[in-house]
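Take a look at the letters that make up each chain.
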Amino acid sequence: MTAANAVRVDRLSFRYPGSALTLNDVSFSIASGEIVGLVGPSGAGKSTLLQHLNGLLPTRLSESETNTWIDDIPVTRASLPDVRRRVGFLFQDPDDQLFCPTVFEDVAFGPLNLNLPDDEVRRRVQESLLAVGLSGYESRSTMRLSLGERKRVCLAGVFACQPSILALDEPFSSLDPRARRTLIGILKKFPGSQIVATHDLDVVVELCHRVLLLDGGQLRASGLTNDILGNAALMERHGLEVPLRLQPR
Ligand code: ADP
């Protein structure tokens, strides 16, 4: 049975040790199959929020209590392996994600950890590299790729685990126009739910059904993409600009 909500966050607050509140009473949900943009100025708490979705934060998860549910499963220490199988997390910086010498090993790492048989691992690596346009890169060193290629290797590693939800932190930053366009195409084809934190608001207009606007750790607005991103006063209030595609001609 499909869960009603792919993601549910209920009254989530969080502070890093010794800091002010980074997330302040945040609540939202993402329906199955929905693509949601997470926008806000730098320092708004977007990365911190995403990291709660696969239990990277808080660092000391409770056995039973949580403010976050994935496919209706509470994110607790006990559910962490299951939650991480469901949520494919793309770090903003590929250096935080890639650590194997070759592309093949990096993309295979997740499926191997799922204890899949070798031929299934090889099949998933091939399919995932094909999906991100990097077939034939298997034996290349991850250290000797462009930033855009490295991001796509990270994404292939995420796809190879066949998650039902993608949590993507600035997937378009530092990509050239062609790599950016390729990635938009890849994400449009992904069949599951997605939450995408990005400053690239034109992509949000193209890709996302709905938008969450975070500022100062608080959810300031949530609604249909064009309603939120086309609201010039709201955008200005939170240090953002109406994307070109929605500006009056
Ligand atoms: P965004 O992704 O919207 O730019 P972040 O979630 O990265 O925002 O950061 C939100 C706030 O939390 C910022 O003030 C940032 O300096 C702070 N912060 C982020 N990571 C840490 C950390 N590991 N320790 C302490 N403070 C942090």
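Heads up: these notes are all about the structure in this document. (Residues numbered from 1 in each chain as written. Predicted model: local features only at pLDDT ≥ 70, side-chain atom pairs only at ≥ 80, totals over all residues. Heavy atoms only, no water.)

**Considering the site of the ligand**
Residues in close proximity to the ligand include Y16, T22, P41, S42, G43, A44, G45, K46, S47 and T48, which together make up its full environment. Within the contact set of the ligand, a nitrogen atom lies 3.4 Å away from a side-chain nitrogen or oxygen of Y16. Within the contact set of the ligand, an oxygen atom lies 2.9 Å away from a backbone nitrogen or oxygen of S47. Its free accessible area being 560 Å², the ligand has 54% of it covered by the protein chains. For the shell around the ligand, the element with the most residues is helix 1 (residues 46-53), which contributes three residues. (Near = heavy atom within 4 Å. Polar contact = N/O pair within 3.5 Å; in protein donor to acceptor, adjacent residues only side chain to side chain. Areas by Shrake-Rupley, 256 points an atom, 1.4 Å probe, with all protein chains shown as cover. Helix = DSSP H or I, 4+ residues; strand = E, 2+ residues; numbered from the N terminus.)

**A word on the packing of helix 5 (residues 147-160) against helix 6 (residues 177-189)**
Geometrically, a packed helix pair is captured by the angle between its two axes and the distance between the axes. Where helix 5 meets helix 6, the closest approach of the two axes is 12 Å, and the angle between their N-to-C directions is 10°. By the angle class used here, helix 5 and helix 6 are roughly parallel. The residues of helix 6 that touch helix 5, namely those facing R152, L155 and F159, are T182, L183, I186 and L187. Of the residues in the contact of helix 5 with helix 6, the class split is five nonpolar, one polar and one charged. (Axes fitted to C-alpha atoms, helices over the stretch in contact; angles between N-to-C directions. Parallel < 35°, antiparallel > 145°, perpendicular 65-115°, else oblique. Contact = heavy atoms within 4.5 Å. Nonpolar A, V, L, I, M, F, W, Y, C, P; charged D, E, K, R; others polar.)

**Observations concerning unusual backbone geometry**
Residue P58 follows L57 across a cis peptide bond; omega there is -5°. Of note, P58 is situated in the loop between helix 1 and strand 4 (68-70). Of note, D71 is a non-glycine position whose phi angle comes to about 50°, a positive value. Positive phi is not limited to glycine here, since D72 has a value of about 70°. As for its position among the elements, D72 is in the loop between strand 4 and strand 5 (73-74).

**Overview of the pairing of strand 9 (residues 210-215)**
In terms of burial, strand 9 is a largely internal element, six of the six residues being buried. Side-chain alternation along strand 9 places R210, L212 and L214 on one buried face and V211, L213 and D215 on a second face that is also buried. Looking at chain direction, strand 3 (residues 35-39) and strand 9 are connected through four bridges and run parallel. Paired with G37 across the bridge in strand 9 is V211. Pairing analysis gives six bridges linking strand 9 to strand 10 (residues 218-224), with the strands arranged antiparallel. (Buried < 20%, exposed > 50% of the residue type's maximum accessible area, 1.4 Å probe, protein only. Pairing = 2+ DSSP bridges.)

**Some details on the sheet that holds strand 1 (residues 5-15)**
Spatially, the four strands line up as an open sheet ordered 2-1-4-5, and their pairing is antiparallel. Edge strands, defined here as strands with exactly one partner in the open sheet, are strand 2 (21-31) and strand 5. Bridge count for strand 4 against strand 5 is two bridges, and the pairing is antiparallel. Bridge assignment links I70 to a residue of strand 5, and that residue is I73.

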